[in-house]
Amino acid sequence: MSAPRLVLLNGLPGVGKSALAAAWAARRPGALNLDIDVVRALISGPPGETAGPARSLGLVMAVEHLRAGHDVVVPQLVARPDQVRRFADAAAAASARWTHVLVEAPRGVVAERLRRDAATHRGDLGPALTDAYAEGLREVARTPGVLRLVNDDLARALAALEALVEADVPPGGSAGPSPGTGRKTVR
């Protein structure tokens, strides 16, 4: 039996992280689709004050589920390298495999998805905040081992994600190219 996996599906709002996570988890009995936004909704208080506690609680949940031998997928915007490190550390603490995928989608696709999405925690999402997140993700994307996946079609993106996470990755490692190449993009 191989070690369980912690898969972080990272990216801007509207790129399809949640749909991709749900589809991936549905193919793995016992996998936890750990949507931090769902955890946020369980914590009372203004949306701006629930992100930190939800992420901390989510990481504890992830470690426990991984230690029980089950995969965890987290669809979450993480625009700071120090916050990404927390997910990698959670995988290492559970002796799990670690895969960090930056999910991207064409602007038009993202705009349409956001238009249809009325999530409460996105009430303050405007051009300035989106630009700040995008800048943070550019920095995150430069870290070694980050894989990139274009999600313009869910079935195609799911197949690409399957291929990425099925790569032979040692526990605590990161799927993808050698550290010297930085990243790999899959369509």
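Up top is the structure these notes are about.
This section reports on the structure supplied with the text. Please read these numbers as outputs of a predicted model, since none were measured by experiment.

**Section: the nonpolar core**
- Membership of the largest hydrophobic core comes to 22 residues, with the highest contact counts inside it found for L6, L34, V72, V74, F87 and W98.
- If we skip the residues at most four places from it in the chain, V74 touches L6, V7, L8, L9, L34, I36 and F87.
- One finds L9, V110, L149 and A157 within the second-largest nonpolar core, a separate group that totals 21 residues.

**Some words on helix 3 (residues 51-67)**
- Taking 1.5 Å per residue, 17 residues should reach 24 Å; helix 3 reaches 24 Å between its end C-alpha atoms and fits that length.
- Burial in helix 3 covers these residues: A54, R55, G58, L59, A62, V63 and L66.
- Elements in contact with the buried residues of helix 3: strand 1 (5-10), helix 2 (36-41), strand 3 (72-75) and helix 4 (81-93).
- Phi for G69, located one or two positions after helix 3, is positive at around 95°.

**Description of the side chain of R148**
- Considering the arrangement of structural elements, one finds R148 in strand 5 (residues 146-150).
- Under the relative-accessibility criterion, R148 is labelled buried at 18%.
- Reaching out from R148, the side chain makes a polar contact with the side chain of E104 at a distance of 2.5 Å.

**What about the pattern of salt bridges?**
- A complete count under the given rule lists eleven salt bridges for this structure.
- As a salt-bridge pair, E166 and R28 come within 3.3 Å of each other at their nearest N and O atoms. Within this pair, whereas E166 is found in the loop between helix 7 (154-165) and strand 6 (183-186), its partner R28 is found in the loop between helix 1 (17-26) and strand 2 (32-33), the two being separated by 138 residues in sequence.
- Given a relative accessible area of 46%, E166 falls into the partly exposed group.

**Structural notes on the packing of helix 3 against helix 4**
- Relative to each other, helix 3 and helix 4 sit at 25°, their axes nearing to 8 Å. Compared by their axis directions, helix 3 and helix 4 come out roughly parallel. The chirality of how helix 3 crosses helix 4 is right-handed. Across the interface between the two elements, R55, S56, L59, V63, L66 and R67 from helix 3 touch Q83, R86, F87, A90, A91 and A93 from helix 4.
- Class assignment for the residues of the contact of helix 3 with helix 4 results in seven nonpolar, two polar and three charged.

**Quick look at unusual backbone geometry**
- Even without a glycine there, the phi angle at S95 is positive, about 55°.
- Considering the arrangement of structural elements, one finds S95 in the loop between helix 4 and strand 4 (97-104).
- Judged by its relative accessible area of 48%, S95 falls in the partly exposed class.

**As for the pairing of strand 1**
- Counting buried positions along strand 1 yields six of six residues, so the element is predominantly enclosed.
- Relative to strand 4, strand 1 runs parallel, the two being bridged by six bridges. Bridged to L8 within strand 4 is H100.
- Inspection of the sheet shows strand 1 paired to strand 3 by four bridges, in the parallel sense. Looking across to strand 3, one finds that L8 is bridged to V74.

Basis of the calculations
Residues numbered from 1 in each chain as written. Predicted model: local features only at pLDDT ≥ 70, side-chain atom pairs only at ≥ 80, totals over all residues. Heavy atoms only, no water. Core = buried A, V, L, I, M, F, W, Y, C linked by side-chain atoms within 4.5 Å. Buried < 20%, exposed > 50% of the residue type's maximum accessible area, 1.4 Å probe, protein only. Contact = heavy atoms within 4.5 Å. Helix = DSSP H or I, 4+ residues; strand = E, 2+ residues; numbered from the N terminus. Expected span 1.5 Å × (residues − 1). Polar contact = N/O pair within 3.5 Å; in protein donor to acceptor, adjacent residues only side chain to side chain. Salt bridge = Lys/Arg side-chain N within 4 Å of Asp/Glu carboxyl O. Axes fitted to C-alpha atoms, helices over the stretch in contact; angles between N-to-C directions. Parallel < 35°, antiparallel > 145°, perpendicular 65-115°, else oblique. Left-handed = near helix turned anticlockwise from the far one by under 90°. Nonpolar A, V, L, I, M, F, W, Y, C, P; charged D, E, K, R; others polar. Pairing = 2+ DSSP bridges.

Structural measurements only, silent on function.
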